[in-house]
Amino acid sequence: KGDDDDDVGLKLETRPKTKRPPLYKVLILNDDYTPMEFVVHVLERFFGLSHAQAFELMLTVHKKGLAVVGVFSFEIAETKVAQVMDFAQRHQHPLQCTMEKE
Ligand code: TYC
């Protein structure tokens, strides 16, 4: 890497920079107390799933312990988590919802 040349240290960009914002996974966690129908309702109401999709995803969480319910920008993910946590708390269910950088 001899440096007895005359370049001025400029990096020649090849591929264009198309910076996308980071995405965040929103996860729902299983617990022993929240009723299955409540979780199905949450998935329909806050994540726009059909009843059949919501039921299937609820069962996945019930069996596996957790599942990704959607992938969003930071702000949207934060809002979803807050809405679910608030709704669960108001109904006195211990349902947990969190987010994680993808
Ligand atoms: N395990 C709960 C029950 O048996 C149902 C449940 C499913 C709870 C998914 C939380 O995220 C959850 N009533």
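Here the structure is shown first, and the text comes after it.
Attention here is on the structure that accompanies the text.

Reading the values: rules and limits
- Residues numbered from 1 in each chain as written.
- Predicted model: local features only at pLDDT ≥ 70, side-chain atom pairs only at ≥ 80, totals over all residues.
- Heavy atoms only, no water.
- Near = heavy atom within 4 Å.
- Polar contact = N/O pair within 3.5 Å; in protein donor to acceptor, adjacent residues only side chain to side chain.
- Areas by Shrake-Rupley, 256 points an atom, 1.4 Å probe, with all protein chains shown as cover.
- Helix = DSSP H or I, 4+ residues; strand = E, 2+ residues; numbered from the N terminus.
- Nonpolar A, V, L, I, M, F, W, Y, C, P; charged D, E, K, R; others polar.
- Core = buried A, V, L, I, M, F, W, Y, C linked by side-chain atoms within 4.5 Å.
- Buried < 20%, exposed > 50% of the residue type's maximum accessible area, 1.4 Å probe, protein only.
- Contact = heavy atoms within 4.5 Å.
- Salt bridge = Lys/Arg side-chain N within 4 Å of Asp/Glu carboxyl O.

What follows deals with the site of the ligand. With respect to spatial proximity, the complete set of residues near the ligand consists of Ile28, Leu29, Asn30, Asp31, Thr34, Met36, Val39, Met58, Val61, His62 and Leu95. Asn30 places a polar side-chain atom, nitrogen or oxygen, 2.8 Å from a nitrogen atom of the ligand. The side chain of His62 places a nitrogen or oxygen atom 2.9 Å from a nitrogen atom of the ligand. Relative to its unbound accessible surface of 350 Å², the ligand loses 89% to contact with the protein. Secondary structure elements with two or more residues in the shell around the ligand: strand S1 (24-29), helix H1 (36-47) and helix H2 (51-64). Ranked by residue count, the leading element in the shell around the ligand is H2, at three residues. Classifying every residue of the shell around the ligand by side-chain character gives seven nonpolar, three polar and one charged.

Our focus in this paragraph is the nonpolar core. Ranked by internal contacts, the top residues of the largest apolar core, which has 24 residues, are Val26, Ile28, Leu43, Phe47, Val84 and Leu95. Where this core is concerned, the elements lending two or more residues are S1, H1, H2, strand S2 (66-72) and helix H3 (74-90). No other element matches the seven residues that H1 contributes to this core. Discounting chain neighbours no more than four positions away, the residues touching Phe47 are Val26, Val42, Val69, Phe72, Lys80 and Val84.

With that settled, consider the side chain of Lys80. For Lys80, the position within the fold is in helix H3. Here the side chain of Lys80 touches Phe46 through a polar contact of 2.9 Å, landing on its backbone oxygen.

Moving on: the pattern of salt bridges. Side-chain pairs of opposite charge can arise whenever the charged atoms involved come near each other. Enumeration over the complete set of coordinates arrives at two salt bridges. Its salt-bridge partner being Lys25, residue Glu100 comes within 3.3 Å of it at the nearest N-O pair. A residue pair is termed long-range when its members are at least 10 positions apart, and Glu100 in strand S3 (residues 96-101) and Lys25 in strand S1 qualify at 75 residues. Assessed through its relative accessible area of 22%, Lys25 is described here as partly exposed. When the shortest N-O distance is used, the salt bridge between Arg90 and Asp86 registers 2.6 Å. In this pair, Arg90 and Asp86 are both assigned in helix H3, four residues apart and thus about one turn of the helix distant. You can call Arg90 exposed: its relative accessible area is 53%.

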